[in-house]
Amino acid sequence: MRLCFLVEEHYRHDGMPNEVIRQLTAWGHRVDVVRPGGSLLRMTEVVDTGAHDAWVLKTVSGGPGLTLLEAAAAAGLTTVNDARSIRGVRDKALAAAIGCGRGLPLPPTYAVARPESLREIPAAEYPLVVKPADGSSGRAVHLVSSPERLETLLPVLVGEGMLIAQPYVPNSGTDIKVYAVGGELFATERCSPLHPDPSVRERRVPLSSEVAAIAAQVGAVYGLDLYGVDVLLGPDGPVVVDVNDFPSFRQVPDAAARVARAVLGLARAGGAPATAAPATASATAPATATATTATAPVTTTAPVTLPYTLPLSIPAQSAPAQVSAAAGDTV
């Protein structure tokens with residue numbers, strides 16, 4: 001197969017997606033890499049309809065990569081993830097509106113175009129977490145303890161574009177990151193960006209059926225195939241605080257091979273459920289445990305295979321070509 005990966009300069013030396021690209025190449029597939037942030041792009045010609053079986057995006061929020069992916073989708077090409085779904089989670093204000101409307105456990109979310117408008121948030125909502133609506137990788141996330149602290153922070157927020165603010169969810173200082181790939185879920189625990197602790201390393205942890213169900217619902221709500229979900233275990237239960245398209249998949253066993261197989265399955269199926277891994281894959285999938293809705297909590301460190309199909313990428317509209325922490329701190 002022939003695939004086009006859109007990779008931002010930020011990820012030029014990153015293990016994900018470079019390891020996936022190497023794996024696909026080792027399996028005999030052709031992978032073209034476009035770096036949209038460092039290239040002169042002739043937009044009238046950049047999307048050659050039918051030249052690739054699928055387009056895959058790994059770029060930072062706010063970069064030009066999503067525009068290219070949307071151009072490919074508009075030309076009727078298969079994209080991984082679906083371009084509209086990526087837009088829906090990269091705009092955190094939009095993601096909050098979509099998620100709340102579909103019943104996801106999200107904190108109340110305010111959105112403002114001007115930082116001074118944050119003054120209108122009731123004092124009872126503090127402490128607040130304030131961040132750019134198009135932020136990523138923990139950039140410019142602030143824990144704001146009071147309206148007084150907000151006043152001192154307003155000059156820092158100028159120039160960040162649209163902002164969102166959410167009441168802080170009390171937690172243990174760690175969050176659960178759930179990775180979804182190839183219809184399986186993997187859970188890790190890591191230090192919260194609002195409570196940085198160098199001694200806390202990301203590690204695999206058991207995945208409860210409650211969190212597994214929420215993570216699966218996230219995929220269904222936003223229409224994502226490869227994604228990550230940040231979950232806080234708050235006093236009233238799990239709360240979704242962020243959703244990422246094409247995350248790092250850290251701590252996922254054989255991550256590069258799993259993601260590569262998922263990309264191939266989506267490209268081959270053109271949006272229909274993939275039924276088998278590529279014949280050239282040598283890794284054997286480990287035994288899986290099925291998430292249930294039993295009253296007693298169910299946890300497992302093995303990947304969770306969902307009892308229903310995750311959403312898949314938008315199919316091509318034409319036949320594919322036959323080609324081979326202290327309050328106020330910034331983190």
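Nothing here was measured: the structure is a model prediction, and the numbers come from that model.

**A closer look at the sheet that holds strand β3 (residues 54-58)**
Point 1. Strand order across the open sheet formed by four strands is β2-β1-β3-β4, with parallel pairing between neighbours. The sheet terminates laterally at β2 (30-34) and β4 (79-80), the two strands that pair on one side only.
Point 2. The sheet contacts of helix α7 (residues 255-269) involve β1 (2-7), β3 and β4, and relative to β1 the element is tilted by about 120 degrees.

**Quick look at the environment of valine 60**
Point 1. Relative to the assigned elements, valine 60 resides in the loop between β3 and α2 (65-74).
Point 2. Residues valine 60 and aspartate 134 lie 74 residues apart in sequence; the distance between their C-alpha atoms is 9.2 Å.
Point 3. Discounting chain neighbours no more than four positions away, the residues touching valine 60 are Glu8, His10, Tyr11, Arg90 and Ser136.

**Brief notes about the sheet that holds strand β6 (residues 128-132)**
Point 1. One open sheet holds the four strands; their spatial order is β5-β8-β6-β7, and the pairing between them is antiparallel. Since the sheet does not close on itself, it has two edges, and those belong to β5 (110-112) and β7 (142-144), each with one partner. The mean inter-strand angle of the sheet, taken between neighbouring strand axes irrespective of direction, is 25 degrees.
Point 2. Sheet topology note: the β6/β7 ladder contains three bridges and is antiparallel. Directly across from valine 130, in β7, lies its bridge partner histidine 142.
Point 3. Of the strands in this sheet, β6, β7 and β8 (163-167) touch helix α5 (residues 147-157), which is tilted by about 155 degrees from β7.

**A few points about the pattern of salt bridges**
Point 1. Within the structure shown, the criterion is met by 14 salt bridges.
Point 2. In this structure, aspartate 245 engages arginine 90 in a salt bridge whose closest nitrogen and oxygen atoms are separated by 2.9 Å. In this pair, aspartate 245 sits in strand β13 (residues 237-245) while arginine 90 sits in helix α3 (residues 83-90), placing the two residues 155 residues apart along the sequence.
Point 3. What makes aspartate 245 buried here is its relative accessible area of 8%.
Point 4. Of the charged contacts, one joins aspartate 230 and lysine 177 as a salt bridge, the two residues approaching to 2.9 Å between their closest N and O atoms. Here lysine 177 lies in strand β9 (residues 174-181) and aspartate 230 lies in strand β12 (residues 227-234), a separation of 53 residues in the sequence.
Point 5. Classification of aspartate 230 as buried rests on a relative accessible area of 7%.
Point 6. The class of lysine 177 is buried, set by a relative accessible area of 4%.
Point 7. Overlapping salt bridges, with partners in common, bring together Asp175, Lys177, Arg190 and Asp230 in one network.

**Things to note about the packing of helix α1 (residues 15-26) against α7**
Point 1. Where α1 meets α7, the closest approach of the two axes is 8 Å, and the angle between their N-to-C directions is 70 degrees. In terms of orientation, α1 and α7 fall into the roughly perpendicular class. The interaxial crossing formed by α1 with α7 has right-handed handedness. Across the interface between the two elements, Met16, Glu19, Val20, Gln23 and Leu24 of α1 pack against Ala255, Ala256, Ala257, Val259, Ala260 and Leu264 of α7.
Point 2. Tallied by class, the residues present in the contact of α1 with α7 amount to nine nonpolar, one polar and one charged.

**Some details on the confidence of the model for the chain**
Point 1. In this model, the chain carries a mean pLDDT of 81, and residues with pLDDT of at least 70 account for 81%.
Point 2. Counting interchain partners and residues more than four positions distant, the pLDDT-below-50 stretch residues 307-331 has 79 contacts.

**A few points about unusual backbone geometry**
Point 1. Look at the link from valine 80 to asparagine 81: it is a cis peptide, with omega at -5 degrees.
Point 2. Geometrically, the link from tyrosine 126 to proline 127 is a cis peptide bond, its omega value of 0 degrees lying close to zero.
Point 3. Here the phi dihedral of glutamine 251 falls at roughly 70 degrees; this positive angle occurs in a residue that is not glycine.
Point 4. One can find glutamine 251 in the loop between β13 and α7.
Point 5. Positive phi values are uncommon outside glycine, yet aspartate 254 reaches one of about 50 degrees.
Point 6. Here aspartate 254 shows up in the loop between β13 and α7.
Point 7. The class of aspartate 254 is partly exposed, set by a relative accessible area of 49%.

Calculation notes
Residues numbered from 1 in each chain as written. Predicted model: local features only at pLDDT ≥ 70, side-chain atom pairs only at ≥ 80, totals over all residues. Heavy atoms only, no water. Pairing = 2+ DSSP bridges. Helix = DSSP H or I, 4+ residues; strand = E, 2+ residues; numbered from the N terminus. Contact = heavy atoms within 4.5 Å. Axes fitted to C-alpha atoms, helices over the stretch in contact; angles between N-to-C directions. Salt bridge = Lys/Arg side-chain N within 4 Å of Asp/Glu carboxyl O. Buried < 20%, exposed > 50% of the residue type's maximum accessible area, 1.4 Å probe, protein only. Parallel < 35°, antiparallel > 145°, perpendicular 65-115°, else oblique. Left-handed = near helix turned anticlockwise from the far one by under 90°. Nonpolar A, V, L, I, M, F, W, Y, C, P; charged D, E, K, R; others polar. pLDDT = per-residue confidence, 0-100.

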